[in-house]
Amino acid sequence: INLTVASNGGNVSSPLMYGLMFEDINHSGDGGIYAELIQNRAFQGSLEYPSTLTPWEPVGGAVLTLQNTSVPLSSALPASVNVAPRSSAQRSTIGISNPGWWGIDIKPQTYTGSFWALGTYKGQFTIKLQSNLTSDIFATVTIPSSCQAGKWVEHKFELEPKSAAPNSNNTFVLEFDSTSGSVNFNLISLFPPTYNNRANGNRPELMAALKALNPSFLRIPGGNNIEGDVYHYPWRWNETIGPLTQRPGRPGTWGYGNTDGLGLVEYLNWCTDLDVTPVLAVWSGMYLGNDIGHILSAEALAPWVEDTLNELEFILGPTTSTYGALRASLGYPNPWPLKYLEIGNEDDLYTNGSTTYAEYRFKMFYDAISPVYPELTLVSSTGDYTAVGGSGANATYTDYHVYTRPDTFVSMFGTFDHVSRVHKTLIGEYACVQGNLKNEITGVNWDLPKFDWPVWVGAVSEAIWSINAERNSDAVIGMSYAPGFQNLNSYEWTVSLLSIFKYSHANPTQPDLVSFTADTSQTVLSTSHSVIELFSNARYNATVPVTSDTSYGPAYWVAGVSEPGAYTFKTAIYNATESVPFNVQFTGLKQGDKGTLTVLNAPDGLSAVALEEGVVQNPVTKKVTQLVAGSGGAFSFELENYSVAVLTT
Ligand code: AHR
């Protein structure tokens with residue numbers, strides 16, 4: 001393949017080209033990146049997931065009872081656990097234990113904990129981290145009770161293990177002396193050190209996995225999780241802010257309740273910590289799993305539009321405004337830099353042909369928001385421009401999602417070549433989730449098995465999809481893989497969508513960007529992660545035209561330039577029968593100029609990351625070669641089938 005790369009004449013690249021999408025799916029929030037170690041810390045209940053003691057266990061023969069005491073910790077957290085001796089004669093140490101979110105990772109570092117207690121107890125509380133398998137106690141601390149009759153009192157403590165536990169099969173224990181009767185406990189919390197040492201923050205190694213992708217935006221908080229499910233409980237920003245005692249939690253969309261400890265402020269801090277732009281989504285009046293009758297009328301939607309204005313005032317408003325003042329009272333006098341607001345999620349789906357989104361739902365948000373926040377770009381969620389076409393200049397974006405097969409991704413290479421340049425597309429979710437069908441280019445079939453893990457051939461097809469987006473970055477502002485995380489202990493993404501709505505978690509397979517367990521050393525970075533890391537860390541300012549003596553396939557490419565002579569050339573090879581020789585001539589470069597070629601590949605196209613006997617395996621190999629330009633400033637190299645490569649000069 002002979003290619004000539006021009007020095008200018010392309011499109012300015014979108015600064016947002018690679019980003020992240022996050023929602024609490026696959027226990028990626030609670031039990032995932034949100035670093036809280038205690039599962040069911042506050043006995044939160046909802047219509048769908050009633051308050052429960054699971055997975056708490058009694059210690060020392062204690063009797064545990066879930067109670068709604070006459071004095072609740074708060075109206076948001078009315079339930080608590082009463083820990084009582086078996087009989088008034090019992091004189092011993094009793095308490096409760098919690099296994100964490102499928103384990104507790106223990107390292108020699110400071111763990112910060114707290115709990116609220118109600119009772120008259122005057123003795124000491126002992127808190128421990130101990131093994132489930134041996135008699136090892138890794139950390140213990142004793143603090144005096146500050147209990148006062150008839151009043152909930154917060155107790156704080158720190159645990160300092162001296163050494164790491166050999167595995168995460170460990171338990172948290174809270175004990176006291178049973179002599180003076182029972183004690184009620186609520187909001188029992190334990191955090192390891194977090195990313196950037198944020199209070200109520202995120203797991204460092206999972207944040208590092210995201211940071212490695214050099215992301216530019218974070219799309220939050222859904223995804224389907226903003227919508228709620230048949231229980232009709234969309235994500236409500238104002239129930240996710242303030243002290244944890246004030247957050248009731250909600251039934252999430254993905255088969256488990258959300259604590260909302262990871263709330264709006266935490267999401268925005270996450271953006272600050274990764275230095276990325278938030279793309280915030282709000283609910284647009286469509287419930288999941290229901291028929292058209294469950295799309296809100298304009299009248300019913302009006303309070304939600306009003307509430308979005310309140311949310312925006314909380315994020316962007318001056319401290320003299322009602323909600324700006326609320327933000328300041330939580331310790332954030334300065335607004336967050338929000339520039340993108342998405343109205344809904346996938347409003348082209350599940351609507352039984354309804355056109356209400358284009359008719360009035362998007363418009364109601366647009367008409368209310370744009371006069372107040374003219375700088376805010378409103379993003380529609382339908383993946384087309386039906387809703388935004390008639391709107392003003394700051395409503396020209398749409399969010400386009402694609403989950404498909406490798407062949408289909410490759411066949412979609414020209415998708416954005418001829419689309420509108422007035423309107424713009426955010427590819428808010430994409431992933432290769434299913435194998436090819438013989439001789440058939442077709443979308444994903446949700447009822448057929450999906451890949452267990454992102455596989456290399458899929459990641460190559462995603463690379464070609466990314467090249468397609470980069471070539472058209474005057475039309476595509478950015479892209480984010482989804483879902484971002486998979487908790488290997490509990491996940492439900494690629495079950496048939498129908499069964500999601502019925503809460504069946506039958507199909508245990510799925511591809512996600514990063515998989516993890518409670519054990520912080522067992523994070524699995526997918527093949528897709530490898531591709532995004534390579535491409536996102538090789539940004540450039542503008543594309544440049546490439547002329548070739550051959551058409552696309554089996555090689556696909558894009559070229560860009562950051563400053564004169566500093567070129568970036570990206571390519572991916574799909575379905576080549578032999579290795580592909582390249583001769584790439586960059587305008588203005590001369591013989592002897594240097595280049596660096598980085599090539600990703602994997603032993604065979606279907607190899608995937610895998611956890612085998614606790615060992616993380618990612619099959620992707622990375623080879624970096626220094627190249628020297630030959631005559632005329634051309635770089636020559638060969639790439640094997642399924643290579644994904646970046647050449648920089
Ligand atoms: O990424 C998983 C789900 O796929 C998202 O929640 C939804 O937007 C899409 O259908």
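Cut-off values and rules
- Throughout, a residue's number is its position along its own chain's written sequence, starting from 1.
- In keeping with the predicted nature of the model, local features appear solely for residues at pLDDT of at least 70, side-chain atom pairs appear and are counted solely at 80 or more, and the whole-chain, interface and lining totals rest on all residues.
- Secondary structure counts use DSSP, requiring at least four H or I residues in a row for a helix and at least two E residues in a row for a strand, with both numbered from the N terminus.
- Two things to know: the radius of gyration comes from C-alpha atoms, and the globule rule equals 2.2 Å times the number of residues to the power 0.38.
- Counting other C-beta atoms within 10 Å of its own, a residue is labelled buried from 20 upward, exposed at 12 or fewer, and partly exposed in the gap between, with every C-beta atom placed from the backbone.
- By definition, residue pairs are in contact when their C-beta atoms, positioned from the backbone, come within 7 Å.
- What makes two strands pair is DSSP finding at least two bridges between them.
- The axes are straight lines fitted to the C-alpha atoms, using for helices just the contacting stretch, and the angles between their N-to-C directions are given from 0 to 180°.
- The nonpolar core is taken to be a set of buried Ala, Val, Leu, Ile, Met, Phe, Trp, Tyr and Cys residues joined by way of C-beta atoms within 7 Å.
- For every residue, the predictor assigns a confidence score, pLDDT, that lies between 0 and 100.
- An automatic or database domain assignment supplies the residue ranges for each domain.
- Here the term charged refers only to Asp, Glu, Lys and Arg, the term nonpolar to Ala, Val, Leu, Ile, Met, Phe, Trp, Tyr, Cys and Pro, and the term polar to all other amino acids, Gly among them.
- The C-beta atom of each residue is placed using the backbone, and any residue whose C-beta lies within 6 Å of a molecule or strand is treated as near it.
- Each angle receives one of four descriptions, namely roughly parallel if under 35 degrees, roughly antiparallel if over 145, roughly perpendicular if within 65 to 115, and oblique otherwise.
- Crossing chirality is assigned from the near helix's rotation relative to the far helix, an anticlockwise turn below a right angle marking it left-handed and a clockwise turn marking it right-handed.

Right, let's talk about the overall build of the chain for a bit. Scanning the chain from N- to C-terminus turns up nine helices and 35 strands. For the chain, the C-alpha radius of gyration of 27 Å lies close to 26 Å, the compact-globule estimate for 649 residues. Each of the three principal axes of the chain carries a C-alpha extent, and together these read 90 × 60 × 45 Å. Burial analysis of the chain (649 residues in total) assigns 51% to the buried set. Sequence separation of at least 24 residues holds for 76% of the intrachain contacts in the chain that already meet a minimum separation of 6.

Moving on to unusual backbone geometry. Of note, the bond from isoleucine 220 into proline 221 is cis; its omega dihedral lies within 30 degrees of zero at -15°. Within the element layout of this structure, proline 221 appears in the loop between strand 13 (217–220) and strand 14 (250–251). Looking along the chain, the bond that leaves glycine 553 and enters proline 554 is cis, with omega of 5°. With respect to the helices and strands, the residue proline 554 is situated in the loop between strand 26 (546–548) and strand 27 (555–563). Residues other than glycine seldom take positive phi values, yet asparagine 40 does so here, at roughly 55°. Locating asparagine 40 in the fold gives a position in the loop between strand 2 (20–21) and strand 3 (57–59).

Another point: the sheet that holds strand 19 (residues 397–404). Judged by pairing direction, the sheet is parallel, and its eight strands sit side by side in the order 2-13-16-17-18-19-20-21 without closing on themselves. Each edge of the open sheet is held by one strand with a lone partner, namely strand 2 and strand 21 (476–481). Two strands pair when backbone bridges link them, and strand 2 and strand 13 are joined in this way by two bridges, in the parallel orientation. Counted as the bridge partner of methionine 21 is arginine 219 from strand 13. Docked against the sheet, helix 5 (residues 356–369) engages strand 17 (340–343) and strand 18 (377–380), running at close to 175° with respect to strand 18.

This part takes up the sheet that holds strand 33 (residues 621–628). Taken together, six strands build an open sheet; the order of strands is 25-27-28-35-30-33 and the sheet is antiparallel. Each of the sheet's edge strands pairs with one partner strand only, and the pair in question is strand 25 (542–543) and strand 33. Here helix 9 (residues 527–536) sits on the sheet and contacts strand 28 (566–573), strand 30 (594–601) and strand 35 (644–648); the angle it forms with strand 30, its principal contact strand, is near 165°.

Looking now at the pairing of strand 9 (residues 137–144). Bridge analysis of strand 8 (residues 124–131) against strand 9 gives seven bridges, and the strand direction is antiparallel. Each residue of the ladder has a partner; that of phenylalanine 125, found in strand 9, is isoleucine 143. In sequence, strand 8 turns back onto strand 9 through a hairpin of five residues.

Attention now moves to the nonpolar core. Membership of the largest hydrophobic core comes to 174 residues, with the highest contact counts inside it found for Phe185, Leu218, Val460, Ala463, Ile464 and Ala572. Here the element with the most residues in this core is helix 7 (residues 456–471); it accounts for nine residues. Not counting residues within four places of it along the chain, the set of residues in contact with phenylalanine 185 comprises Ser80, Val81, Val83, Ile96, Phe115, Trp116, Ala117 and Leu174.

Quick look at the confidence of the model for the chain now. Here the chain averages 92 in pLDDT, and 94% of its residues register 70 or above. Low pLDDT, under 50, characterises residues 496–508; the stretch is placed with 21 contacts to residues that sit more than four places away or in other chains. For this predicted complex, the interface confidence score (ipTM) comes to 0.99, while the overall pTM stands at 0.96.

For the chain, the domain assignment lists domain 1 (2–11 + 541–648), domain 2 (20–34 + 197–536) and domain 3 (57–191). Just the C-alpha atoms count here: the centres of domain 2 and domain 3 sit 36 Å apart. Contact with domain 2, which involves 11 residues of that partner, is made by 13 residues of domain 3. Considered class by class, the residues forming the side of domain 2 that touches domain 3 number three nonpolar, six polar and two charged.

By nearness alone, every residue bordering the ligand is listed as Glu23, Ile25, Gly222, Gly223, Asn224, Asn345, Glu346, His401, Glu429, Ala482, Pro483 and Trp493. Grouping the amino acids of the shell around the ligand by side-chain chemistry returns four nonpolar, five polar and three charged.

Here strand 28 pairs with strand 35 via five bridges, running antiparallel. Its bridge partner lying in strand 35, alanine 572 is registered against valine 644. For strand 30 and strand 35, the ladder comprises five bridges, and the chain directions are antiparallel. Among the inter-strand pairings, leucine 600 is bridged to a residue of strand 35, identified as valine 644.

In this section: the packing of helix 7 against helix 9. One can describe the packing of helix 7 onto helix 9 by two numbers: an axis separation of 8 Å at closest approach and a directional angle of 30°. Compared by their axis directions, helix 7 and helix 9 come out roughly parallel. As helix 7 packs across helix 9, the resulting crossing turns out to be right-handed. Counted together, Trp456, Ala459, Glu462, Ala463 and Ser466 of helix 7 and Thr527, Ser528, Ser530, Val531 and Phe535 of helix 9 form the full contact between these two elements. Per-class residue counts for the contact of helix 7 with helix 9 are five nonpolar, four polar and one charged.

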